[in-house]
Amino acid sequence: MRKLTSKPVAIELRQVHYSTDELHIIKGITGNFPEGKITTLVGPSGAGKSTLFKLINGLRSPNSGEIIIHGKIIDDYNPVELRRHVGLALQHAPMIPGSVFKNLALPLDLQGKTLSEDTAKELLTLVGLEENMLNRKTKDLSGGQKQKLSIARTLVNRPKILLLDEITSSLDRVSQQEIEELIERINQKYGTTIIWITHNLEQALNIGHYTWVLMAGELIQEGPTEILKNPTNDTVKHFVKGEHT
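For every chain, the first residue of the written sequence is number 1, and numbering continues from 1 onward in sequence order. Whole-chain, interface and lining totals are the exception, using all residues; otherwise, since this is a predicted model, local features are given only for residues with pLDDT of at least 70 and side-chain atom pairs are given and counted only at 80 or more. Water and hydrogen atoms were dropped before computing side-chain values, which therefore reflect all heavy atoms in the structure.

**Q** I'm lost on the packing of helix α3 (residues 100-109) against helix α4 (residues 117-126) in this one. Help?
**A** Where helices are involved, their axes are fitted lines through C-alpha atoms of the stretch in contact, as for all axes, and angles between N-to-C directions lie from 0 to 180°. We count a stretch as a helix when DSSP gives it H or I for four or more residues in a row; a strand needs E for two or more, and each element gets its number in order from the N terminus. One can describe the packing of α3 onto α4 by two numbers: an axis separation of 11 Å at closest approach and a directional angle of 100 degrees. The angle between α3 and α4 places the two elements in the roughly perpendicular class. When α3 is examined against α4, the residues Val 100, Phe 101 and Leu 104 are found in contact with a partner set consisting of Glu 117, Ala 120, Leu 123 and Leu 124. Grouping the constituent residues of the contact of α3 with α4 by class yields six nonpolar, no polar and one charged. By definition in this entry, angles of less than 35 degrees are roughly parallel, angles greater than 145 are roughly antiparallel, angles of 65 to 115 are roughly perpendicular, and the rest are oblique. The contact criterion used throughout is that any non-hydrogen atoms of two residues lie within 4.5 Å. Gly falls in the polar group here, along with every residue not listed as nonpolar (Ala, Val, Leu, Ile, Met, Phe, Trp, Tyr, Cys, Pro) or charged (Asp, Glu, Lys, Arg).

**Q** Explain the nonpolar core to me, please; I cannot follow it from the model alone.
**A** What we call a nonpolar core is a set of buried Ala, Val, Leu, Ile, Met, Phe, Trp, Tyr and Cys residues that are connected through their side-chain atoms within 4.5 Å. Only protein chains enter the accessibility calculation, which uses a 1.4 Å probe. A residue is then buried if its area is under 20% of the maximum for its type, exposed if over 50%, and partly exposed in between. Counting 32 residues, the largest nonpolar core has Leu 104, Ile 151, Leu 155, Leu 164, Ile 167, Ile 179 and Ile 183 as the members making the most contacts within it. Counting residues per element, the ones that place at least two in this core are α3, α4, α5 (143-155), β7 (161-165), α6 (173-190) and β8 (193-197). Those residues in contact with Ile 183 that lie beyond four places of it in its chain are Ile 38, Ile 151, Leu 164, Ile 167, Ile 194 and Trp 196. Core analysis: the next-biggest nonpolar cluster, separate from the first, contains 27 residues, Ile 26, Phe 33, Leu 55 and Tyr 77 among them.

**Q** Mind showing me how you'd approach the sheet that holds strand β1 (residues 9-19) here?
**A** Sheet strands associate in pairs through backbone hydrogen bonding, adopting either a parallel or an antiparallel arrangement. The pairing criterion is simple: DSSP has to find at least two bridges between the two strands. Strand order in the open sheet formed by four strands is β2-β1-β4-β5, and the pairing between neighbours is antiparallel. Every other strand in the sheet has two partners, leaving β2 (24-34) and β5 (72-73) as the edge strands with one partner each. Taken together, the two bridges between strand β4 (residues 64-69) and β5 define a ladder with antiparallel strand orientation. Bridge assignment links Ile 68 to a residue of β5, and that residue is Ile 73. Contacts between helix α1 (residues 49-56) and the sheet are confined to β1, β2 and β4, with β2 contributing the most and set at about 65 degrees to the helix.

**Q** How should α6 be read in this particular structure?
**A** Owing to its 3.6 residues per turn, the α-helix brings residues three or four apart onto one side. A rise of 1.5 Å per residue sets the reference length of α6, with its 18 residues, at 26 Å; its end C-alpha atoms lie 26 Å apart and thus fit the reference within 8%. Among the residues of α6, Ser 175, Gln 176, Ile 179, Glu 180, Leu 182, Ile 183, Ile 186 and Asn 187 are the ones counted as buried. Projected onto a plane normal to the axis of α6, the buried residues spread over an arc of 160 degrees and lie on a single side. Summarising the geometry of α6, the exposed residues directed more than 90 degrees from the buried face are Val 174, Gln 188 and Lys 189. Packed against the buried residues of α6 are β3 (38-42), α4, α5, β7, β8 and α7 (201-207). A distance of 3.0 Å separates the backbone nitrogen of Val 174 from a side-chain oxygen at the start of α6, and that oxygen is part of Asp 172. For a helix, the expected span equals 1.5 Å multiplied by the number of residues minus one. The directions from the helix axis to the C-beta atoms form the arc being described. Within 3.5 Å is the distance limit for a polar contact, defined as a pair of N or O atoms, with the added protein rule that one can donate a hydrogen and the other accept it, and that residues adjacent in sequence qualify only through two side-chain atoms.

**Q** Hey, could you run me through unusual backbone geometry in this one?
**A** Glycine aside, negative phi is the norm for most residues, and most peptide bonds take the trans geometry. Phi angles above zero are rare outside glycine, and Gln 15 is one such case at about 50 degrees. Structurally, the position occupied by Gln 15 is in strand β1. The class of Gln 15 is partly exposed, set by a relative accessible area of 47%. In this model, Ala 216 sits at a positive phi of 50 degrees, which is unusual for a non-glycine residue.

**Q** Is there a simple way to think about the pairing of β1 in this case?
**A** Looking along a regular strand, one sees side chains alternate from face to face of the sheet. Of the pairings in the sheet, the one linking β1 to β2 comprises seven bridges and is antiparallel in character. Note on β2: the bridge partner recorded for Ser 19 is His 24. Where β1 folds back onto β2 in an antiparallel hairpin, the turn is made up of four residues. In the sheet, β1 pairs with β4 via five bridges, with the strands oriented antiparallel. Residue pairing for β4: Arg 14 is matched across the bridge by Glu 66.

The structure is reproduced here in structure tokens:
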């Protein structure tokens, strides 16, 4: 297993555990997400991937262990600062009623700030949407357009880290490819650290520099994404074989 500690680290986890009353969901995870790279997070349903995102984004707190983001313990961030620093885009791209501009402006509205029309147009252009869509109602957008808008909205705060939770799983192949190209463009243009949960191993291989394999709340294997082609762990071998059959 290739360790990532020799590279600049965006996020470090040290023996992180998380439990509810009924379940031990995250079981002593220790590992690093490298700075400025795309790390894909794969594993079967129920492995704890989305819960791990909630811990990194501060929506949940670990029962024990430490999460360190850019050298700073997560508890030392105030919630607003943390959400600006670590953006989160979800599978279903929730929208508020109203226009594209209203949705784009939401993160700044919540901070008592104003989004300029010029910045809004720049964001739309960045994610591959037309500037003239600013006044369109979000209910009239396609699934792919909503997902692009969701990513643009996440970028309003210029997060240094972007968490993507199954953002293409409900899209057609063309829209999926457009989103993949968009994320690679954001990574290259801004050096944004990206962590992407995906059930699609081909997607993980196509876009990931590094990969974590989670199973039953444990980090089973991590390293360059090529580990999915030749996993050294027997459990990971069975998982990869199952996903391709």
